[in-house]
Amino acid sequence: MSVRLFAIGMNHRTAPIELREKVDFGREGLEAALAGLAARNAVREMAVLSTCNRAEVYAAADNDDAMEKVARFFAEYHGVSLSDVQAHLYVHRGADAARHLFRVAAGLDSLVVGEPQILGQVKSAYTVASEQHYTGTVLNRLFHLAFAAGKRVRSETGLGEGAVSVSYAAISLAKKIFGDLTRLQVLILGSGEMGKLTGTHLRAQGVRGITIASRTRSTAERLAEQIGATAVDWADLDGALTQADIVVTATGAPTAVVTKADLERAMKTRRDRPLFVIDIAVPRDVDPAAGSLEQVFLYNVDDLQGIVQNNLEKRTGELARADAIVSTEAAKFAAWLQSREIIPTVVALRDRFESIRRAELNRLQH
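Cut-offs used in this document
Residues numbered from 1 in each chain as written. Predicted model: local features only at pLDDT ≥ 70, side-chain atom pairs only at ≥ 80, totals over all residues. Heavy atoms only, no water. Helix = DSSP H or I, 4+ residues; strand = E, 2+ residues; numbered from the N terminus. Buried < 20%, exposed > 50% of the residue type's maximum accessible area, 1.4 Å probe, protein only. Contact = heavy atoms within 4.5 Å. Areas by Shrake-Rupley, 256 points an atom, 1.4 Å probe, with all protein chains shown as cover. Lys, Arg positive; Asp, Glu negative; His and termini not counted. Charge placed at Lys NZ, Arg CZ, Asp CG, Glu CD. Phe/Tyr/Trp six-rings, centres within 6.5 Å; stacked < 30°, edge-to-face > 60°. Lys NZ or Arg CZ within 6 Å of the ring centre and 35° of its normal. Salt bridge = Lys/Arg side-chain N within 4 Å of Asp/Glu carboxyl O.

### Section: the overall build of the protein
Stage number 1. When helices and strands are counted, the protein shows 14 helices and 10 strands.
Stage number 2. C-alpha atoms of the protein, sized along the principal axes, occupy 110 × 40 × 35 Å.
Stage number 3. The buried share among the 366 residues of the protein stands at 50%.
Stage number 4. Counting only contacts in the protein whose residues sit at least 6 apart along the sequence, the fraction spanning at least 24 positions is 73%.
Stage number 5. Per element, the accessible surface of the protein, about 17100 Å² overall, is 49% carbon and sulfur.
Stage number 6. Between the centroid of the 44 positive side chains of the protein and the centroid of its 44 negative side chains there is a distance of 4 Å.

### Observations regarding the packing of aromatic side chains
Stage number 1. The tally for this structure, following the rule as stated, stands at 11 aromatic pairs.
Stage number 2. In this structure an aromatic cluster arises from ring pairing among F25, F73, F74 and Y77.
Stage number 3. Between K123 and the ring centre of F147, over which it is positioned, the NZ or CZ distance is 5.9 Å.

### Some points on the pattern of salt bridges
Side-chain pairs of opposite charge can arise whenever the charged atoms involved come near each other.
Stage number 1. One pass over the structure, following the stated rule, counts 21 salt bridges.
Stage number 2. Of the charged contacts, one joins E56 and R54 as a salt bridge, the two residues approaching to 3.0 Å between their closest N and O atoms.
Stage number 3. Residue classification places E56 among the buried positions, given a relative accessible area of 1%.
Stage number 4. With a shortest N-O distance of 2.7 Å, D323 and R103 are connected by a salt bridge. Of this pair, D323 sits in helix 14 (residues 316-365) while R103 sits in helix 5 (residues 94-105), and the two are 220 residues apart along the sequence.
Stage number 5. Judged by relative accessible area, D323 falls into the partly exposed class, the value being 23%.
Stage number 6. Look at R103 and you get partly exposed, because its relative accessible area is 22%.
Stage number 7. Each of R13, R54, E56 and D109 takes part in a single network of salt bridges with overlapping partners.

Right, here's the structure in full:
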């Protein structure tokens, strides 16, 4: 019986942020998600990819019924209605599933095309699945070729030249609003990779000052030292919000860390000074209701689409080269997958010929 390879998921193109943050597999951990799917006995092999802009399952199964089971898993695992999920899911089968993953690994399917973080996230997703023994012959081959495609695009094209990431798009948005950023005070919530990238880009823009706030003071201090910023305790968040002109949030917390009430308190002492909040986290760090406050201008990752379009236009030539690389690597996988389909037929024919040969030898011998 041939193995059915498929990819099923949703991303920033097919689902709004309100739904994407509900189906965040990273919230409980990829190990828990894989165990939950394995308990359904729907697929032979599986890997879960979860980033701020996508939630996807790559799987190899014995039949097409597995795809419906995985779609139900998306809904039931996160406590979301199946109808809400199905309206935003995409499904890729066979070689198309491989091409999709290769485009993801190459940064061609990202919110900001060419962003470099996604290849590492794909590798992490595979590592978790492999270490938990959820991958096999098909997914091992699939992901290793995806890594090759991603590396080739990064080394053979200029798609990733310059600073291309969600954090850079956020800074581009701030420049669009303010123009000159040199007089502004910025507060960054979160000291992870996204917070570090944001701080690095802001420092390059020559902002007046950067403050880092994190749940863990030591990590905030470490990042502050790296980018020339100041760290504050999370308990001092109210004061930091009061002083800031721009707030960029990227904590990775499972629920909002800045409420409408938090910003209401901050605005009372700002004397009508506007506050621009750019929330690049998924799930969102800032209560969406805070955007209704006067002089609070709240943006999230879905609001970066205009900047993303500009990014695409600048990289049109490189996109064609990157797509050609992806097509080459996808063709390799398709050929390998087809050879696996043919092998059982070849074996069956060989066995049939052997039985005929033996029957004829026995007849002649008599």
